[in-house]
Amino acid sequence: LDGKFKYSLIRSIKSEETTNINMQVWHVHATEVVHVKIEGLQKDDQILVLDMSGKIVQQLPIQVHATVQLSNLIPGHYIVRLASDKTMSQKIVVQ
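Counting of residues starts from 1 at the beginning of each chain's written sequence and follows it residue by residue. Two thresholds apply to this predicted model, a pLDDT of at least 70 for residue-level local features and 80 or more for giving and counting side-chain atom pairs, whereas whole-chain, interface and lining totals are computed over all residues. With hydrogens and water set aside, each side-chain value is computed from the structure's full complement of heavy atoms.

1. With respect to the overall build of the chain
When you go through the chain residue by residue, the secondary structure sums to zero helices and nine strands. Segments assigned H or I by DSSP are reported as helices when at least four residues long, segments assigned E as strands when at least two residues long, and all are numbered from the N terminus. In the chain, the order of α-helices and β-strands from amino to carboxyl end is β-β-β-β-β-β-β-β-β. Note on classification: 1.4 Å probe, protein chains only; a residue is buried when its accessible area is under 20% of the maximum for its type, exposed when over 50%, partly exposed between these limits. Counting every position in the chain, which comprises 95 residues, the buried fraction comes to 36%. We call two residues in contact when some of their heavy atoms are within 4.5 Å. At a minimum sequence separation of 6, the contacts of the chain that also span at least 24 residues come to 45%.

Laid out in structure tokens, this is it:
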């Protein structure tokens, strides 16, 4: 490592459909992983990673926290979304 670091924004999204759910996504500009934290889920759900055409490229279960591995994705723009609520989404950039 070169000893340099850079802070990454933490995005917090509130659901339009239900005000009980809050999703946080951090390392919005990422190379290896993105962290997703969900508060207020009443049941287990899925995190979806979609390419910009809307195709699901990754899917994983979430209860409270998930670490999404990005190493298998080509660099570009993607959407991280809660499967049960389309309004709970965040755009990320894989570098």
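So that's the structure; there's more coming.
2. Section: unusual backbone geometry
Peptide bonds are mostly trans, and most non-glycine residues show a negative phi. Positive phi is not limited to glycine here, since His27 has a value of about 70 degrees. Position of His27 relative to the elements: it lies in the loop between β2 (22-26) and β3 (29-30).

3. A look at the nonpolar core
Ranked by internal contacts, the top residues of the largest apolar core, which has 22 residues, are Val34, Val36, Ile38, Ile47, Val68, Leu70 and Ile92. Among the secondary structure elements, those contributing two or more residues to this core are β2, β4 (33-39), β5 (45-51), β6 (56-62), β7 (65-69), β8 (76-82) and β9 (85-94). We call a set of buried Ala, Val, Leu, Ile, Met, Phe, Trp, Tyr and Cys residues a nonpolar core when their side-chain atoms join them within 4.5 Å.

4. A look at the sheet that holds β9
What the five strands build is an open sheet, ordered β3-β9-β8-β5-β6; its pairing is mixed. Each having just a single partner strand, β3 and β6 make up the two edges of the open sheet. DSSP-based pairing: two strands are paired if at least 2 bridges between them are found. Direction of pairing for β3 relative to β9: parallel, over a ladder of two bridges. Pairing of Ala30 across the sheet is with Val94, part of β9.

5. Observations regarding the pattern of salt bridges
A side chain of one charge can pair with a side chain of the opposite charge if their charged atoms are brought near each other. One speaks of a salt bridge when a side-chain nitrogen belonging to Lys or Arg is within 4 Å of a carboxyl oxygen belonging to Asp or Glu. A complete count under the given rule lists one salt bridge for this structure. Between Glu39 and Lys37 there is a salt bridge; the shortest N-O distance is 3.6 Å. Here Glu39 falls in the partly exposed class, since its relative accessible area comes to 37%.

6. What to know about the pairing of β4
The side chains of a regular strand alternate, first on one face of the sheet and then on the other. Bridging between β2 and β4 involves five bridges; their strand directions are antiparallel. Bridge pairing in β4 links Met23 to Ile38. Judged from the five bridges that link them, β4 and β7 form a sheet pairing that is antiparallel. What sits directly across from His35, in β7, is Thr67.

7. Notes on the environment of Lys43
Relative to the elements of secondary structure, Lys43 occurs in the loop between β4 and β5. In this structure Lys43 comes out as exposed when scored by relative accessible area, which is 59%. As a C-alpha pair, Lys43 and Gln63 span 20 residues in sequence and 7.4 Å in three-dimensional space.

8. A closer look at the confidence of the model for the chain
Close reading of the predicted structure is inappropriate where its pLDDT is low. Scored by pLDDT, the chain comes out at a mean of 85, with 80% of its residues at no less than 70. Confidence of the predictor at the level of single residues is given by pLDDT, which spans 0 to 100. Element-level pLDDT for the chain is lowest in strand β1 (residues 10-14), with a mean of 58, against a maximum mean of 96 in β5.

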